[in-house]
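Architecture and fold: a report
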Amino acid sequence: MLRWLCLCVLLASLTQSASAQSVWKAGVAKAVITPEKSVWLAGYGSKRAPDGKLHDLWMKALALEDNAGQRVVLITSDFQGVPKIMSDRVFEQLQEQFKLERTQVMFTFSHNHCGPRLGDDLIDYYPVEAEQEALVEEYTTQMVTKTVTMVGESLKNLAPASLAIGEGKATFAVNRRNNREADVPDLIAKGTPLVGPVDHAVPVMTVTRPDGKLEAVLFGYACHPTTMSFLTWCGDYPGFAQLEIEKAHPGTTAMFVNTCGGDQNPLPRRKVELAEQYGRMLTLSVDKVLASEMSPVSGAMTTRFREIPLEFSSIPSRDELAKTAESTDRYQRTRAKLFLKDVDAGKPLSPTYPYPIQVWKFGGVNWVALGGEVVVDYSLRLKLELGAGKTWVTGYANDVMAYIPSERVLIEGGYEGDSSMIVYMQPSKWKAGLEDQIVKTVHELSKP
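Residues numbered from 1 in each chain as written. Predicted model: local features only at pLDDT ≥ 70, side-chain atom pairs only at ≥ 80, totals over all residues. Heavy atoms only, no water.

Counting 76 residues, the largest nonpolar core has Phe-79, Tyr-355, Leu-370, Tyr-378, Ile-404, Trp-430 and Ile-438 as its most contacted members. Ranked by the residues each element gives to this core, the list is headed by helix α3 (residues 130–156), at 9 residues. Not counting residues within four places of it along the chain, the set of residues in contact with Tyr-355 comprises Arg-306, Glu-307, Ile-308, Leu-310, Leu-370, Gly-371, Val-374, Met-401, Ile-404 and Ile-438. Counting 27 residues, the second-largest nonpolar core is a separate cluster that includes Met-106, Leu-218, Phe-362 and Val-365. (Core = buried A, V, L, I, M, F, W, Y, C linked by side-chain atoms within 4.5 Å. Buried < 20%, exposed > 50% of the residue type's maximum accessible area, 1.4 Å probe, protein only. Helix = DSSP H or I, 4+ residues; strand = E, 2+ residues; numbered from the N terminus. Contact = heavy atoms within 4.5 Å.)

This is how it looks when you write it as structure tokens:
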């Protein structure tokens, strides 16, 4: 009798385990994206021809399918920014080739400043050279093709898997608006608390095969990958973290998403050793989560996407543009001249920008993806309102058009709230009320 009961318990356990593992299908694929030609490095407004490679740059895809056959694909990358002119081409081809609707694909980029330029991202921030623009266009087209091919491979690789989530912590991100960079090393040495909002959470999701193989580890952090400002290809701290995780777990694909790090910097910085150190800190955080009891993820997925018209505070007149075109500031001058060219060609400046907001819901998890360089206030607010521990807020997703300040940052001004709009080729700062507009839309898309 006892033997029979034990057998029943064992069979029930195996059935339960098989059921949990069959909830999902997952497929992973990846591709090297290190340029073979001398495309300039993105992220700083100067001529930045590459001088070598510290390690390869990568793009990776994770395809998921639930029991109802609903599919999603997450794309992560070591790019500085993926502009709408590129991502829209990818989304269109994915729909044509694989019947993936716009809601089903999330294209993220780490915002790595040791990666290549793409499309028209910050195009007028850099010195103009016809040969370089041709290289950027060629490389961008190659990356569109490579992205679509990689996604197709991830879909072909779909196989039974289980998902689990957890959360760790890393503390190297510093709010750069509230702490002067030169002061940070001394403050840390003295144990003086740094100030300003931060989000030190490290969200983690695992993909595990029925035989126990760890297929993929997805993790995030809210911080600019700007440890380095040299001219060598590398993935900065996220690149080092992914390499470390893959080394510690052979056969596993590590994938990084930047959560809401628009106003966060890794400080101190400017040394390779520091980028490696921050990568190790993330790796240790992830490994601690992997060693803990993680929460299994089950349940059907829902996917929603909406572009909302974010308003600019003002649109300059032609006379104002003509005056600014004579400015001694090259960024203001360049922007005004290009705007004048459009206006005189009968293309008036738009008073709004189509801002992308995406929400995936699965297994009680709300995964919010916001376009642009989103400041940390959004992550802190949305996790509070939608539920900490079950809400992921990803910035740097689907399009990079500008910084996305909170209402607080917009009022305070400064680079993230105002002057950065010049280098992003936008006509003015955002109109007041954008935070509530974005958060309201997220809540609407998060409804059951």
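Once you've had a look at it, read on.
The set of residues buried in helix α11 (residues 414–423) consists of Glu-416, Gly-417, Ser-420, Met-421, Ile-422 and Val-423. For α11, the elements touching its buried residues are α8 (330–344), β19 (403–404) and α10 (407–412). Note on α11: the residue one or two positions beyond its end, Met-425, has a positive phi of about 60 degrees.

Below, the discussion takes up the environment of Met-86. Summarising the element assignment, Met-86 is placed in helix α2 (residues 84–98). Along the chain, Met-86 and Arg-71 lie 15 residues apart, while their C-alpha atoms are 22 Å from each other. In this structure Met-86 touches Phe-79, Phe-107, Leu-118, Thr-140, Met-143, Val-144 and Thr-147, once residues within four positions along its chain are discounted.

Before going further, it helps to examine the pattern of salt bridges. The final tally for this structure, using the stated rule, is 27 salt bridges. Of the charged contacts, one joins Glu-65 and Arg-71 as a salt bridge, the two residues approaching to 2.6 Å between their closest N and O atoms. For Arg-306, the salt bridge is made with Glu-444, and the minimal N-O distance between the two is 2.6 Å. One end of the pair, Arg-306, is in strand β14 (residues 301–311); the other, Glu-444, is in helix α12 (residues 434–445), and 138 residues separate them in sequence. Take Arg-306: its relative accessible area is 32%, and that puts it in the partly exposed class. According to the relative accessible area criterion, Glu-444 is partly exposed, its value standing at 30%. One connected set of salt bridges, linked through shared partners, spans Arg-176, Arg-177, Asp-377, Arg-408, Glu-412 and Glu-416. (Salt bridge = Lys/Arg side-chain N within 4 Å of Asp/Glu carboxyl O.)

Now for the sheet that holds strand β18 (residues 391–394). Judged by pairing direction, the sheet is mixed, and its 4 strands sit side by side in the order β14-β15-β16-β18 without closing on themselves. Strands at the two margins of the open sheet, each flanked by one partner only, are β14 and β18. When the angles between neighbouring strand axes are averaged without regard to direction, this sheet yields 15 degrees. In terms of strand pairing, β14 meets strand β15 (residues 352–362) through 11 bridges, oriented antiparallel. Each bridged residue has a counterpart across the sheet, and for Glu-307 the counterpart in β15 is Pro-356. On top of the sheet, helix α9 (residues 376–386) reaches β16 (365–370) and β18; it is set at about 155 degrees to β18, its chief contact. Packed on one face of the sheet, α12 meets β14, β15 and β16 and runs near 160 degrees to β14. (Pairing = 2+ DSSP bridges. Axes fitted to C-alpha atoms, helices over the stretch in contact; angles between N-to-C directions.)

Summed over all chains, the structure comprises 2 cavities of 30 Å³ or more. One number sums up the size of the largest cavity: a volume of about 80 Å³. Taken together, Lys-30, His-55, Asp-56, Trp-58, Lys-60, Asp-78, Gly-239, Gln-242, Leu-243 and Glu-246 make up the full set of residues lining the largest cavity. Those elements that provide at least two residues to the lining of the largest cavity are β3 (58–65) and α5 (236–248). (1 Å grid on protein atoms, 1.4 Å probe; cavity = no way out; pocket = protein on both sides within 12 Å on 5 of 7 lines; lining within 4 Å. Points joined across faces, edges and corners; volume = space filled by probe spheres on them.)

Let us now look at the side chain of Asn-366. Tracing the chain through its elements places Asn-366 in strand β16. Among the polar contacts made by the side chain of Asn-366, one reaches the side chain of Lys-361 at a distance of 2.6 Å. Excluding residues within four positions of it along the chain, Asn-366 makes contact with Trp-360, Lys-361, Leu-386, Lys-390, Thr-391, Trp-392 and Ser-446. (Polar contact = N/O pair within 3.5 Å; in protein donor to acceptor, adjacent residues only side chain to side chain.)

As a further point, take the layout of surface pockets. Taken as a whole, the largest pocket holds about 590 Å³ of empty space. Lining of the largest pocket is provided by 25 residues; of these, Phe-339, Tyr-353, Tyr-424, Met-425 and Gln-426 occupy positions nearest its centre. Looking at the lining of the largest pocket, the elements that each hand over two or more residues are α2, α8 and β15. If one sorts the elements of the lining of the largest pocket by residue count, α8 sits on top with 3 residues. Taken together, the residues of the lining of the largest pocket sort by class into 15 nonpolar, 3 polar and 7 charged. Its volume calculated, the second largest pocket comes out at about 330 Å³. Every residue lining the second largest pocket is counted, 22 residues in all, and those nearest its centre are Tyr-44, Arg-176, His-224, Tyr-403 and Tyr-415. Along the lines of polarity and charge, the residues of the lining of the second largest pocket split into 8 nonpolar, 8 polar and 6 charged. (Nonpolar A, V, L, I, M, F, W, Y, C, P; charged D, E, K, R; others polar.)

Another point: the side chain of Asn-175. In this fold, Asn-175 is placed in strand β7 (residues 173–175). For Asn-175, the side chain forms a polar contact with the main-chain oxygen of Pro-197, separated by 2.8 Å. In this structure Asn-175 touches Val-195, Gly-196, Pro-197, Val-198, Asp-263 and Gln-264, once residues within four positions along its chain are discounted.

Relative to the assigned elements, Ala-241 resides in helix α5. Between the alpha carbons of Ala-241 and Glu-373 there is a distance of 21 Å; along the sequence they are 132 residues apart. Residues in contact with Ala-241, not counting those within four places in the same chain, are Phe-219, Gly-279, Leu-282 and Thr-283.

Turning to the packing of aromatic side chains, a few remarks are in order. Counting across every chain of the model gives 14 aromatic pairs. A ring pair is formed by Trp-24 and Phe-362, whose centres lie 5.9 Å apart and whose planes are at 80 degrees; its orientation type is edge-to-face. Separated by 338 residues along the polypeptide, Trp-24 in strand β1 (residues 24–32) and Phe-362 in strand β15 bring together distant segments of the chain. Of the residues examined, Trp-24 reaches a relative accessible area of 0% and is grouped as buried. The exposure class of Phe-362 is buried, given its relative accessible area of 2%. (Phe/Tyr/Trp six-rings, centres within 6.5 Å; stacked < 30°, edge-to-face > 60°.)

Keep in mind that these numbers describe shape and distance, not what the molecule does.
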